[in-house]
Amino acid sequence: MPRAKTSWPTDMEPVLPRELSRRVLMAGNYYRHHHPGGISAVVQYWAPYIEKLQYYPTYRLASLPVRAWWFATSYARMALRMATDPGVKIVHLHSAADGSFWRKTRLTNLAKVLGRQVVLHIHASRFKDFYTEASPRRQRSILRTLRRADVLVVLSESWRRWFESIGVEPDRIRVLRNITAYPVLRPELKQPDGRLHLLFMGEIGPRKGVFDILHAIADHKDEFGGRLLLSIGGNRNEEELLDTIRRYGLEDIVKFEGWVGGDKKIELLNRADVFILPSYNEGLPISILEAMSYGHPIIATPVGGIPEVVETDVNGVLVEPGNHEQIYRAIKKYIDQPDLIGKEGAESTRRATPHLPTSVLHHLRTIYEQLLS
């Protein structure tokens, strides 16, 4: 079923003007040049809407000495800035789990010593595991940092409830939706060829479920031959992925695109019919929100904030992590009933709208203004 082109705003007027952004220091992963990772993707999408963004990269994918240098340099620069500029009132820290959280603990402590308000923004898909697997002493340390923040930003209502359950005061927690860019719709790239075009984008590895997809397809490859094309975009473990495709004999069904960004990502999102990401844990993946904004039904798992945006038989299918049979049936649903793609895809578009930049950045502006008032 063809889908109509949707009109979206194309301008990038700042939602956070300079008079507000100059009062905020922000820190997190290096984000330029399509640096991988959820935090990097969020800041990439935020940056055009924040006039004169003051951002300090505390981590970059590199060797241990280089990573240590990035953190030490940003820590020193932020300390100097806060010590010399009384106009800076807020420090906004983007955190994952593990080492990322302990780096943000040091910056939280620095900011509080220097009298600044802290927005601690938790992106981690595996923060629950990080906390529950920690020793009691470490759990107390984690909770102490969470409570030191003036505002704890989380990605969904389910994450809000979880942080409340471990002892974070409810009035400190704000849900700020994850962001996705406005889609660049190019209907001319949609060329029906009798196959379901399935798209996976994410880190190549067990956690995102890509090998579960391959297993499910391999179990039914005779049925899927000539009816399915899975495109995979991602990085890490590329050789293992290619070896698995060869071992299962899926060369005619699965195409590995490598790491995708920019025009290539736009092309894949326009060509796709359905997006799939059967992860074992998540926050709220930007890749799912991107696919929804392009009008695709979603095959995913009910982890993290995903059930708040994807509902079975409404705009996709939720499957149990690691359940190959359920993955197979979800894919088969859209092969056998192609008319559902347009219907459920339209609902995905509707549900993606609150995650588009203007909505998200206006909410962020409100958080800042409430702290400053």
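Conventions we followed
- Residues numbered from 1 in each chain as written.
- Predicted model: local features only at pLDDT ≥ 70, side-chain atom pairs only at ≥ 80, totals over all residues.
- Heavy atoms only, no water.
- Core = buried A, V, L, I, M, F, W, Y, C linked by side-chain atoms within 4.5 Å.
- Buried < 20%, exposed > 50% of the residue type's maximum accessible area, 1.4 Å probe, protein only.
- Helix = DSSP H or I, 4+ residues; strand = E, 2+ residues; numbered from the N terminus.
- Contact = heavy atoms within 4.5 Å.
- Phe/Tyr/Trp six-rings, centres within 6.5 Å; stacked < 30°, edge-to-face > 60°.
- Salt bridge = Lys/Arg side-chain N within 4 Å of Asp/Glu carboxyl O.
- Axes fitted to C-alpha atoms, helices over the stretch in contact; angles between N-to-C directions.
- Parallel < 35°, antiparallel > 145°, perpendicular 65-115°, else oblique.
- Left-handed = near helix turned anticlockwise from the far one by under 90°.
- Nonpolar A, V, L, I, M, F, W, Y, C, P; charged D, E, K, R; others polar.

Asker: So what exactly am I meant to see when it comes to the nonpolar core here?
Answerer: In this structure, L230, I288 and I331 are the most contacted members of the largest nonpolar core, which totals 57 residues. Looking at this core, the element that brings in the most residues is helix α8 (residues 210-218), giving seven residues. Discounting chain neighbours no more than four positions away, the residues touching I331 are L196, L198, I217, F224, L228, I276 and I299. If you look at the next biggest cluster of nonpolar residues, it comprises 36 residues, including V91, I122, Y131 and W159.

Asker: Just checking my understanding: could you explain the packing of aromatic side chains for this structure?
Answerer: Here the distance between the centres and the angle between the planes together describe a pair of aromatic rings. Taken as a whole and judged by the stated rule, the model has 16 aromatic pairs. Ring geometry for W69 against W70: centres 5.8 Å apart, planes inclined by 90 degrees, an arrangement best described as edge-to-face. What makes W70 buried here is its relative accessible area of 16%. Ring geometry for F127 versus F163: centroids 5.4 Å apart, planes at 50 degrees, classification tilted. With F127 in helix α5 (residues 127-132) and F163 in helix α7 (residues 157-165), the pair connects residues that are 36 residues apart, well separated along the chain.

Asker: Sorry, what's going on with the pattern of salt bridges here?
Answerer: A side chain with one charge can pair with a side chain of the opposite charge if their charged atoms come near. Tallied over the entire structure, the rule returns 26 salt bridges. The salt bridge partner of R126 is E133, with a shortest N-O separation of 3.8 Å. A residue is classified by how much of its surface remains accessible, and E133, at 59% relative accessible area, is exposed. Between R186 and E188 there is a salt bridge, and its shortest N-O distance comes to 3.1 Å. A relative accessible area of 35% places R186 in the partly exposed class.

Asker: Could you clarify how one ought to interpret the packing of helix α3 (residues 64-84) against helix α4 (residues 98-113) in this entry?
Answerer: Following both chains from N to C, one finds α3 and α4 inclined at 15 degrees, their axes separated by 11 Å at the closest point. If you check the angle between α3 and α4, you find them roughly parallel. Regarding α3 and α4, the two cross each other, and that crossing is right-handed. Facing α3, whose interface residues are F71, Y75, M78, A79 and M82, α4 presents R103, R106, L107, L110 and A111. Classifying every residue of the contact of α3 with α4 gives eight nonpolar, no polar and two charged.

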